[in-house]
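# Close look at the chain arrangement
Read off the chains here:
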Amino acid sequence: MEQEVDDRNDAVGYSTDGDVAVVTIANPPVNALGYAVRSGIVAALERAAADPAVKAVVLTGAGRTFSGGADITEFGKPPREPGLSAVIRHCESLAKPVVAAIRGVALGGGLELALACHARVAAPDARLGLPEVKLGLLPGAGGTQRLPRVVGPEAAVEMIVTGTPIAAAKAATLGLVDGIVEDDLVAGATAHARALVESRQTPVPVRDREDRLAATRRDPSAFEAKAKQLTQRTRGLEAPLACVRAVRMALDTPFDEALSRERALFTELLDGFQSKAQRHLFFAEREATKVAGVGREVTPRPVARVGVVGAGTMGGGIAMTFANAGIPVTLVEMNREALERGLGVIRKNYDLSVARGSLGEQERDRRLALITGSTRYEDLAVADLVIEAVFEEMAVKKEVFGRLDRIARPGAILASNTSYLDIDAIADATGRPADVVGTHFFSPANVMKLLEIVRGRRTAPDVLATLLGLAKRIGKVPVVVGVCHGFVGNRMLAARSAENEALLLEGALPQEVDRAFTDFGFPMGPFAMGDLAGLDVGWRNRKSLGRTAVIADALCEAGRFGQKTGEGFYRYEAGSRRPEPDPWVEALIAGKARERGIERRPIAAEEIVERTLYPMINEGARILEEGIAARPSDIDVAWVDGYGFPVGKGGPMFWADHVGLATIVERLDDWHGKTGRELFAAAPLLRRLAADGGSFAALGRKAGAGA
Ligand code: 3HC
Ligand code: NAI
């Protein structure tokens with residue numbers, strides 16, 4: 001092959017292999033389609049068009065991937081020509097066939113570019129998708145019009161509204177790729193391009209293909225049903241609905257007009273708050289993995305085998321998480337009975353996935369085989385990482401860590417899943433505090449994405465590096481936090497919940513409070529959540545601390561523990577998880593208010609938000625002051641990935657900037673004056689930022705620069 005890299009443009013390579021030109025996008029790490037790439041592709045295509053010796057073009061990506069799409073860092077900056085749509089037009093209208101050779105990912109604009117090629121071939125492990133919706137956007141360079149023309153409107157609307165990429169094999173079944181190349185991808189694509197040339201049939205550009213649209217145009221009912229199902233639970237997000245609108249245009253709007261309307265919808269979303277919030281979260285999740293003192297020079301420890309102590313709610317879910325990622329786990333319990341119970345729950349959970357069709361039987365068996373149960377601590381000697389998930393009691397934790405210290409191999413990481421307890425005190429129970437760390441998973445551990453990594457005073461940097469890498473392997477989003485009661489998430493949750501009882505006594509009903517939360521975009525309100533988790537858990541905890549909660553205690557005394565007893569803050573019909581407002585609870589609340597001489601009054605959603613979310617943001621500010629979180633965006637990631645804070649609002653600190661810090665301080669001051677409660681006393685950092693016209697975003701940029 002003649003290698004001839006265009007020295008005018010480093011971002012796109014050009015070479016020829018006989019009569020085929022090979023155009024290679026080379027913009028690490030993900031071959032994003034920034035300005036240099038776009039202009040480089042146009043130049044390369046022009047060069048191929050002008051060379052009479054070139055009969056066809058292969059378009060591919062250097063390194064491990066085809067392209068991760070538009071360069072997200074360019075969004076919001078003045079556009080530079082050629083735009084992606086112009087590149088795509090150029091490619092689609094080239095008189096010589098262009099074949100996309102896809103390895104790694106073709107995402108967003110990357111797939112839109114591939115759709116403008118005359119054929120696509122892929123490596124077996126390639127993944128293709130239009131994930132724009134996850135950034136609060138829709139595909140804005142023809143994806144909503146070309147994808148339905150290739151895979152049909154129903155498959156297209158599913159890919160675009162969920163944003164979930166599909167594997168090469170599925171892409172082949174759908175007709176999205178024309179061939180899978182097992183070994184040399186570019187050679188395979190070159191052969192494919194030559195075959196197209198030799199067939200002497202000019203391939204029809206995707207824009208002119210109407211065959212896959214015909215059936216849906218005749219009868220759109222299946223498409224409409226699919227679209228409805230996909231947008232049933234969008235919780236106020238605009239992008240999924242815009243995606244459906246755009247795909248529908250493929251059915252009834254001429255191609256060019258549909259393209260310009262797609263572009264208009266894209267721009268509208270791009271300028272809106274939700275997309276800004278979702279793009280903030282995209283970068284925040286990646287920023288969170290950059291931790292002070294844990295640079296590239298720190299080598300992670302290898303983790304081939306994991307131990308988990310305690311096979312209860314959390315231990316079982318944690319064991320599944322590792323098995324799901326193909327990592328063998330030894331699960332240790334106190335006795336046979338507890339072990340069998342724990343393993344039984346794991347089996348039942350996997351069986352449920354098989355019954356639902358989301359897991360194959362073979363895969364289930366493979367995962368189950370990776371989990372070895374035991375009642376002998378000695379069996380943990382082979383583990384590179386041991387995670388403790390026993391009862392939340394310091395004495396028990398210390399006893400377990402003392403035993404682990406005697407048994408674990410040198411260099412093994414000893415982690416605790418504690419929700420609140422002091423990791424430094426736990427580390428004191430061992431002779432190796434540098435190896436001790438918190439790994440706080442969220443329930444259900446095999447589902448929730450957040451992993452709070454609690455950095456103790458003496459935790460070694462390579463322990464943190466190991467867990468950051470491991471989090472990615474097991475599909476978790478890590479946030480490193482410092483030691484304090486409840487760390488970042490649960491500490492802020494306590495601040496969010498502190499007014500719950502007062503709101504009820506003063507006049508709100510559980511369903512009104514919950515409604516304010518779901519209207520805000522949370523999947524569930526605090527009372528429905530309490531019923532789901534079990535009210536007895538908090539009750540026992542309060543009793544042990546000598547605390548009380550008027551309404552919640554009364555419910556528990558009446559045997560109402562939530563969903564598990566069919567009654568809690570709500571009523572549940574037999575077998576149903578739907579909370580029904582309960583007059584009995586309303587009477588209880590009214591009675592307790594009367595006893596206390598509280599005159600109940602209507603409470604607006606706005607007040608509910610001020611008395612729950614503002615104190616939570618205030619607590620976030622304290623957490624930043626104390627250095628428990630390194631930057632505001634880490635808090636946003638924790639709340640979105642661990643507690644269901646709506647993605648369209650970007651997390652509590654991002655949303656706080658949007659509301660205006662001065663407004664928040666003013667409202668906190670007002671409530672502090674009315675109630676005298678410490679909860680509303682504005683944190684000095686928050687007050688200072690508000691007074692200086694500052695924001696958490698600006699504070700985060702400073703933190704980022706210093707990290
Ligand atoms: N633009 C700019 N930077 C990007 C990017 C993009 N599209 N995709 C990834 N990056 C950056 C990340 O910020 C990160 O930077 P950092 O190292 O400085 O933190 C770096 O590339 C590596 O990213 P990851 O850590 O995520 O790498 P992975 O290998 O784990 O994943 C990936 C790679 C699957 C491509 C993943 O990064 C991803 O999902 N990217 C976003 C894909 C996407 O949403 N594309 C659509 C863009 S919108 C679009 O195309 C609009 C069009 O329709 C007009
Ligand atoms: P659980 O009560 O469901 O399970 C604890 C298990 O540990 C029990 O099966 C018990 O038999 C076992 N155990 C107790 N002592 C042991 C010992 N010495 N050796 C071996 N096994 C022992 O409790 P859960 O909910 O799983 O909580 C475990 C830990 O995870 C606690 O620290 C909790 O605070 C934390 N956590 C809990 C969350 C939740 O939502 N339940 C969420 C995040 C953290």
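Residues numbered from 1 in each chain as written. Chains lettered and ligands numbered in written order. Predicted model: local features only at pLDDT ≥ 70, side-chain atom pairs only at ≥ 80, totals over all residues. Heavy atoms only, no water.

What follows deals with the site of ligand 1. Around ligand 1, the surrounding shell holds 23 residues, and the nearest of these are Gly109, Glu132, Arg286, Lys290 and Lys472. Interatomic distance of 2.9 Å between a backbone N/O atom of glycine 68 and a nitrogen atom of ligand 1. Take glycine 109: an N or O atom from its main chain is 2.8 Å from an oxygen atom of ligand 1. The fraction of the free accessible surface of ligand 1 (990 Å²) that becomes covered by protein chains is 76%. Secondary structure elements with two or more residues in the shell around ligand 1: helix H3 (109–115) and helix H12 (273–287). Ranked by residues supplied to the shell around ligand 1, first place goes to H12 with 3 residues. Split by domain, the residues of the shell around ligand 1 number at least three in each of domain 1 (1–126 + 177–204) and domain 2 (131–164 + 210–271). (Near = heavy atom within 4 Å. Polar contact = N/O pair within 3.5 Å; in protein donor to acceptor, adjacent residues only side chain to side chain. Areas by Shrake-Rupley, 256 points an atom, 1.4 Å probe, with all protein chains shown as cover. Helix = DSSP H or I, 4+ residues; strand = E, 2+ residues; numbered from the N terminus. Domains from an automatic or database assignment.)

The residue after proline 28, namely proline 29, is reached through a cis peptide bond having omega 5°. In this fold, proline 29 is placed in the loop between strand E3 (20–25) and helix H1 (35–50). Put simply, serine 443 and proline 444 share a cis peptide bond, and its omega is -10°. Mapped onto the secondary structure, proline 444 falls in the loop between strand E16 (436–441) and strand E17 (450–455). Of note, arginine 200 is a non-glycine position whose phi angle comes to about 55°, a positive value.

A full pass over the atoms with the stated rule returns 54 salt bridges. A salt bridge links arginine 491 to glutamate 619, with the shortest nitrogen-to-oxygen separation between them at 2.8 Å. Of this pair, arginine 491 sits in helix H19 (residues 489–497) while glutamate 619 sits in helix H26 (residues 605–625), and the two are 128 residues apart along the sequence. Taken individually, arginine 491 and glutamate 619 each receive the classification buried, so the pair is uniform in this respect. Arginine 667 serves as the salt-bridge partner of glutamate 666, at 3.2 Å between the closest nitrogen and oxygen. By relative accessible area, which is 44% here, glutamate 666 ends up partly exposed. (Salt bridge = Lys/Arg side-chain N within 4 Å of Asp/Glu carboxyl O. Buried < 20%, exposed > 50% of the residue type's maximum accessible area, 1.4 Å probe, protein only.)

Once that is clear, we can look at the site of ligand 2. Around ligand 2, 21 residues are found, and the nearest of them are Met314, Glu333, Glu392, Lys397 and Ser419. Separating an oxygen atom of ligand 2 from a backbone N or O atom of valine 390 is a distance of 3.3 Å. Burial of ligand 2 by the protein amounts to 80% of the accessible area it has alone, namely 830 Å². Put simply, the parts of the chain that give the shell around ligand 2 at least two residues each are helix H13 (313–324), helix H16 (394–407) and E16. A per-class count over the shell around ligand 2 returns 10 nonpolar, 8 polar and 3 charged. (Nonpolar A, V, L, I, M, F, W, Y, C, P; charged D, E, K, R; others polar.)

Here we take up the pairing of strand E18 (residues 477–482). Burial of E18 is extensive: 6 of the 6 residues sit out of reach of the surface. Residues Val477, Val479 and Val481 of E18 are buried on one face, and the alternating residues Pro478, Val480 and Gly482, pointing to the opposite face, are buried as well. Read as a crossover between parallel neighbours, the route from E17 over helix H18 (residues 461–473) to E18 is right-handed. (Right-handed = clockwise from strand over helix to strand, strands pointing away.)

Moving on: the sheet that holds strand E6 (residues 105–107). An order of E6-E8-E9 is seen for the 3 strands of this open sheet, with the pairing classed as mixed. With partners counted over all chains shown, the strands left at the sheet margins are E6 and strand E9 (166–167), one partner each. Judged from the 3 bridges that link them, E6 and strand E8 (residues 127–129) form a sheet pairing that is parallel. If you follow valine 105 over to E8, its bridge partner there is arginine 127. (Pairing = 2+ DSSP bridges.)

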